[in-house]
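Chain residues, written in single-letter form:
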Amino acid sequence: MWITECLERLNEISRTRAALLPEYRSLLSESSPIGYVSLVRRVLSNALAPDAQAAGTQTAAANAAASGALDAASGGLSHVSYGGTLGSVISGFSRLLGGARPTPASFGTVIVFAVGGITVGEVRDLKEVAKERGVKLLVGSTAVIDGNVIMRNLFPPIPGL
């Protein structure tokens with residue numbers, strides 16, 4: 001039955017959101033005057049927070065979700081360099097001398113890629129966060145989607161229409 005399938009999909013979405021970090025579970029934000037802050041805006045804001053290294057477990061966990069690069073020693077998000085470059089050698093030596101690992105906010109350009117699609121509103125949110133933090137932003141996605149695409153993917157077609 002159509003309504004049963006819709007409710008099953010909504011329950012699946014609810015279970016998926018419940019598996020997220022606590023700060024990402026709700027669609028509403030108490031700190032926003034409009035009440036709603038998009039998930040991509042929250043994740044990028046946390047990843048580029050100036051105090052991301054020293055912010056503690058909540059921001060560290062959020063940062064880990066954003067990129068999968070959790071630094072267990074410092075509890076924050078760190079840049080993962082891919083071997084053989086002068087930057088990785090210098091970064092390694094500076095850490096040996098007590099320097100902090102670089103974070104995404106340490107770099108001038110941030111790349112965000114959304115698998116499954118991104119809306120124009122989410123791109124706007126990302127651009128606003130990047131502008132606020134003073135970084136360049138490169139956004140990529142497998143598709144640009146709108147409300148019609150979202151509704152088609154969330155809910156099955158109504159029989160007889």
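Residues numbered from 1 in each chain as written. Predicted model: local features only at pLDDT ≥ 70, side-chain atom pairs only at ≥ 80, totals over all residues. Heavy atoms only, no water.

Chemist: What exactly am I supposed to notice about the side chain of R41 here?
Modeler: Within the secondary structure, R41 sits in helix α2 (residues 39-47). Taking relative accessible area as the criterion, R41 reaches 17% and is therefore assigned buried. If sequence neighbours within four positions are ignored, R41 has contacts with D125, E128, V129 and E132. (Helix = DSSP H or I, 4+ residues; strand = E, 2+ residues; numbered from the N terminus. Buried < 20%, exposed > 50% of the residue type's maximum accessible area, 1.4 Å probe, protein only. Contact = heavy atoms within 4.5 Å.)

Chemist: How do you make sense of a nonpolar patch on the surface when you look at a structure like this?
Modeler: Together, M1, I3, L7, L10 and I13 give the surface a local cluster of nonpolar side chains, amounting to about 510 Å² of exposed area. Considering the arrangement of structural elements, one finds I3 in helix α1 (residues 2-18). (Patch = residues over 30% accessible without salt bridge, like charges linked within 9 Å, V, L, I, M, F, W, Y side chains within 5 Å. Areas by Shrake-Rupley, 256 points an atom, 1.4 Å probe, with all protein chains shown as cover. Salt bridge = Lys/Arg side-chain N within 4 Å of Asp/Glu carboxyl O.)

Chemist: Help me understand the pattern of salt bridges in this model?
Modeler: Opposite charge on two side chains allows them to pair when their charged atoms are near. Inspection of every chain in the model, using the stated rule, returns 6 salt bridges. E128 serves as the salt-bridge partner of R41, at 3.1 Å between the closest nitrogen and oxygen. Of this pair, R41 sits in helix α2 while E128 sits in helix α5 (residues 120-133); the two residues are 87 residues apart in sequence, bridging distant segments of the chain. A salt bridge links R41 to E132, with the shortest nitrogen-to-oxygen separation between them at 3.4 Å.

Chemist: Any chance you could explain the pairing of strand β3 (residues 109-114) here in plain terms?
Modeler: A regular strand carries its side chains on alternate faces of the sheet. Burial along β3 is one-sided: the face carrying V110, V112 and A114 is buried and the face carrying T109, I111 and F113 is not. Across 6 bridges, the pairing between β3 and strand β5 (residues 136-141) is parallel. Within β5, the position partnered with I111 by the bridge is L138. (Pairing = 2+ DSSP bridges.)

Distances and angles like these do not, on their own, reveal function.
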